There are 2 protein chains.
Amino acid sequence: MVKLRDIAEETGYSISTVSKALSGKGRMSEETRNTILSVAKQLGYTPDFYAKSMASKTKILVIGLIVPDITNPFFAYLTRGVERACGESCLLVLMDSFRSLHREEQLIRTARFYGVNGVIVGNSRVNDELINEISKYVPVVIFDKECKCENVVSIVMDNYYGAYLATKHLVENGCKNIVHFGGTQELYVSIQRAHGYETAVKESGLESHIARIGYTFDDGYKAAKKLLSVGKTFDGAFCMNDLVALGVMKAIKEEGLKVPEDVAVVGFDDDKQLCEVTVPSLSSVRQPVEMMGETAGKAIIELINGHSNAKKIIFSPSLIVRDSSLRGG
Amino acid sequence: MVKLRDIAEETGYSISTVSKALSGKGRMSEETRNTILSVAKQLGYTPDFYAKSMASKTKILVIGLIVPDITNPFFAYLTRGVERACGESCLLVLMDSFRSLHREEQLIRTARFYGVNGVIVGNSRVNDELINEISKYVPVVIFDKECKCENVVSIVMDNYYGAYLATKHLVENGCKNIVHFGGTQELYVSIQRAHGYETAVKESGLESHIARIGYTFDDGYKAAKKLLSVGKTFDGAFCMNDLVALGVMKAIKEEGLKVPEDVAVVGFDDDKQLCEVTVPSLSSVRQPVEMMGETAGKAIIELINGHSNAKKIIFSPSLIVRDSSLRGG
DNA sequence: AGGCATTTTAGAATGGTTTCTAACAATATT
DNA sequence: AATATTGTTAGAAACCATTCTAAAATGCCT
């Protein structure tokens with residue numbers, strides 16, 4: 001490994017002069033600088049990152065981002081948002097827990113030993129104590145979870161409002177019998193979305209019908225199939241997420257009904273790849289995921305730099321209307 | 001920031017003793033160790049990663065992964081594969097170029113200044129000179145591109161074979177008139193796939209018809225629509241990727257034809273989210289993306305450690321048959 | 001008690017850079 | 001010609017942990 005001293009010996013200048021020539025900070029004769037630069041290039045000098053970080057007061061920020069599954073579009077967009085906030089000024093270390101809670105906890109626990117200056121946790125399953133524990137050492141930004149510790153910023157989405165929006169939209173499009181294909185009750189977001197749905201339905205004088213199912217294409221397909229096979233018809237479906245919605249749509253088509261004419265369908269998450277590509281295209285509630293990621297990035301940088309105040313940042317979703325819920329007239 | 005000296009002053013022991021107590025390496029009385037450990041905990045000591053890395057000879061490996069767009073499932077799976085290879089032994093720094101060639105070049109150029117020990121480039125657009133240049137300083141693994149430099153490992157997919165497989169499959173399912181909805185000619189993979197298609201078609205005594213379009217849902221939709229509107233019918237479609245295939249399928253349906261009865265369709269990439277969720281589900285050529293990522297990770301680690309021989313690693317695709325290409329009898 | 005072996009602790013060098021201060025040389029001012 | 005001014009370069013301290021070597025302290029033996 002070529003170091004400053006090697007260049008100093010080769011050129012005959014001192015180490016400090018070489019350092020300044022390469023960093024371009026101090027002033028010196030053009031000749032000296034050019035000599036040093038060319039020798040440095042010739043020798044293939046690469047600065048030692050660790051030595052550099054240690055010597056300079058402004059160490060490069062390293063941000064750890066822990067996600068349960070980078071192949072899930074939600075987390076991919078989140079990551080991209082964080083990347084955007086990082087820009088040139090900090091390094092993003094990605095840690096994927098492969099959906100293993102154990103590995104996730106391990107990552108959180110060990111992140112700080114890897115020189116990470118702050119941690120963004122893109123998931124809400126880890127328990128509060130762990131967050132409490134590590135936030136003593138390293139600032140933390142966490143999603144969809146409220147945390148009262150110092151040094152922790154929560155970023156949450158208003159799931160209640162998103163569900164409310166979607167359901168109201170179905171009502172406005174003439175639906176009288178709206179079913180909510182929802183998630184299991186353990187997950188906080190499921191509860192919130194179901195709650196938003198219920199509020200909207202009751203407000204409109206309609207009856208609420210919640211099918212607690214799950215989060216996959218198959219879950220949606222089977223649940224809708226079951227309902228339709230026992231003659232339980234409906235003319236609107238508000239679904240937990242886009243995959244469930246697509247499953248429901250498949251079942252509807254198989255029963256000879258049409259979307260949106262017979263049943264209007266709305267999903268959640270607005271996975272563009274998915275929503276814009278199906279026939280008919282799928283209406284969905286959009287979370288500003290990338291923006292949330294960017295906000296998380298900015299928040300952690302502020303926390304690290306010691307001047308942050310926000311403890312909780314709430315984002316509002318918006319409804320993206322496509323063909324699956326639009327009936328003319 | 002609490003450092004070893006603070007603990008040394010607090011306990012009255014020397015810095016070296018404190019260091020050894022915390023690392024658990026040298027031998028010392030239980031009492032001393034316990035005292036030091038408890039004071040360290042009380043003070044909230046966190047070792048300085050940079051100082052640690054510099055002092056100890058075994059610096060932690062840092063691998064840079066440059067992708068053009070993490071929200072693209074291909075790169076998300078690639079990333080996951082690399083993560084898997086990293087395990088506990090190295091840190092993965094993710095760099096997203098946001099599809100900007102300029103930014104990508106910049107990232108490649110500056111990666112080594114961030115203390116990255118090796119770089120994986122998940123994209124083939126950058127020019128050879130740049131790769132050449134940086135491979136002088138840092139080992140490189142690159143995808144879908146052959147590079148003759150020392151210090152560079154290429155990982156390539158046999159696109160020719162994938163296209164051949166898909167086309168043969170269509171022939172076996174009774175297609176007599178197969179169109180290839182392909183990509184532009186600048187991209188190496190497009191050329192390869194078109195080539196594989198042509199070989200299979202000619203081998204089967206059929207005529208070749210290549211539509212050079214692009215890579216999006218819309219591209220596929222418009223191209224198929226155009227063909228069908230001028231009465232150019234076909235009974236098989238091998239598409240550049242899954243999105244194009246879905247666009248083609250939409251056009252076919254709109255013209256009152258059925259998939260797969262009237263036209264059998266095969267895509268490329270096997271984006272599971274997409275393929276399994278459409279009606280009918282889409283047959284597609286699968287690239288072992290995650291495996292390729294894992295291989296890339298292992299290769300870069302070997303390169304960094306100085307014992308690598310492989311210069312080019314070739315992966316074979318496989319065909320995943322679903323409903324869109326299966327006709328009974 | 002003196003000498004030896006063994007355990008425990010301290011001191012100093014090391015890693016590669018940055019940055020402050022001081023020294024030096026060259027030019028300009030009086 | 002002596003001093004002031006400016007521009008260049010060298011030297012040394014600092015960053016913080018590791019690790020090697022040497023010294024001090026302890027215990028044991030004769």
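Quick caveat, the model's predicted, so the values are computed rather than measured. (Residues numbered from 1 in each chain as written. Chains lettered and ligands numbered in written order. Predicted model: local features only at pLDDT ≥ 70, side-chain atom pairs only at ≥ 80, totals over all residues. Heavy atoms only, no water.)

Chemist: Explain the protein's contact with DNA strand D to me, please; I cannot follow it from the model alone.
Modeler: If you check the shell around DNA strand D, you find 23 residues, and the closest are Ser14(A), Thr32(A), Lys3(B), Leu4(B) and Ser19(B). Backbone sugar and phosphate groups make up 67% of those atoms of DNA strand D lying within 4 Å of the protein. Ser14(A) places a main-chain nitrogen or oxygen 2.8 Å from a phosphate oxygen of DNA strand D. A distance of 3.0 Å is found between a phosphate oxygen of DNA strand D and a side-chain nitrogen or oxygen belonging to Tyr45(B). Of all the elements in the fold, those that place two or more residues in the surface near DNA strand D are helix H2 (15-23) and helix H4 (49-55) of chain A together with helix H2 (15-23) and helix H4 (49-55) of chain B. (Near = heavy atom within 4 Å. Polar contact = N/O pair within 3.5 Å; in protein donor to acceptor, adjacent residues only side chain to side chain. Helix = DSSP H or I, 4+ residues; strand = E, 2+ residues; numbered from the N terminus.)

Chemist: Even after reading the chapter, I still don't get the state of the cysteines, so can you show me in this structure?
Modeler: Disulfide: a covalent bond connecting the sulfur atoms of a pair of cysteines. Inspection of the entire model under this criterion finds zero disulfides over all chains. A disulfide-free cysteine, Cys90(A) has its sulfur positioned 3.9 Å from the sulfur of Cys86(A), the nearest such atom. Using a relative accessible area of 5% as the deciding quantity, one classes Cys90(A) as buried. Distance from the sulfur of Cys239(B), which forms no disulfide, to the nearest cysteine sulfur (Cys275(B)) is 11 Å. Of the residues examined, Cys239(B) reaches a relative accessible area of 0% and is grouped as buried. (Disulfide = S-S within 2.5 Å. Buried < 20%, exposed > 50% of the residue type's maximum accessible area, 1.4 Å probe, protein only.)

Chemist: Sorry, what's going on with the relation of the copies chain A and chain B here?
Modeler: Superposition of the two copies of the chain requires a rotation about an axis and a shift along the axis. In screw terms, the move from chain A to chain B is a rotation of 179° and a rise of 0.3 Å along the axis, fitting with an RMSD of 0.6 Å. What the superposition gives is, in effect, a two-fold axis relating one chain to the other. Interface residue correspondence from chain A to chain B reaches 96%, placing this contact among same-surface, isologous pairings. (Least-squares fit on C-alpha atoms with pLDDT ≥ 70 in both. Contact = heavy atoms within 4.5 Å.)

Chemist: Would you take a moment to explain the side chain of Ser190(A) for this structure?
Modeler: Relative to the elements of secondary structure, Ser190(A) occurs in helix H9 (residues 188-203). Sequence-distant contacts of Ser190(A), that is, excluding residues within four places in its chain, are made with Gly183(A), Thr184(A), Tyr215(A) and Met240(A).

Chemist: Looking at this structure, I do not really get the nonpolar core. What am I missing?
Modeler: Among soluble globular proteins, nonpolar side chains are generally buried collectively. Within the largest apolar cluster, 79 residues are counted, with the highest numbers of intra-cluster contacts made by Ile120(A), Val141(A), Ile120(B) and Val141(B). Among all residues touching Ile120(A), those that are not within four sequence positions of it are Ile63(A), Gly64(A), Leu65(A), Ile66(A), Val82(A), Val141(A), Phe143(A), Ala296(A), Gly297(A) and Ile300(A). Ranked by size, the runner-up nonpolar core spans 54 residues in total, among them Ala211(A), Leu274(A), Leu228(B) and Leu282(B). (Core = buried A, V, L, I, M, F, W, Y, C linked by side-chain atoms within 4.5 Å.)

Chemist: What is the right way to read the interface of chain A and chain B from this model?
Modeler: One frequently used descriptor of interface size is the decrease in accessible area upon assembly of the parts. Of the residues lining the interface, 50 residues belong to chain A; the matching set on chain B comes to 48 residues. Roughly 4900 Å² is buried in total at the junction of chain A and chain B, and carbon and sulfur atoms are behind 63% of that figure. Notably, a salt bridge pairs Arg80(B) with Asp69(A), separated by 2.9 Å at the nearest N-O pair. For the pair chain A and chain B, the interface holds six residue pairs in polar contact (both at pLDDT 80 or more). Where the side of chain A that touches chain B is concerned, the elements lending two or more residues are H4, helix H5 (73-86), strand S2 (90-96), helix H6 (101-111), helix H11 (242-254) and helix H12 (272-275) of chain A. Among the residues forming the side of chain A that touches chain B, the class breakdown is 26 nonpolar, nine polar and 15 charged. (Buried area = accessible area lost by both parts, 1.4 Å probe. Salt bridge = Lys/Arg side-chain N within 4 Å of Asp/Glu carboxyl O. Nonpolar A, V, L, I, M, F, W, Y, C, P; charged D, E, K, R; others polar.)

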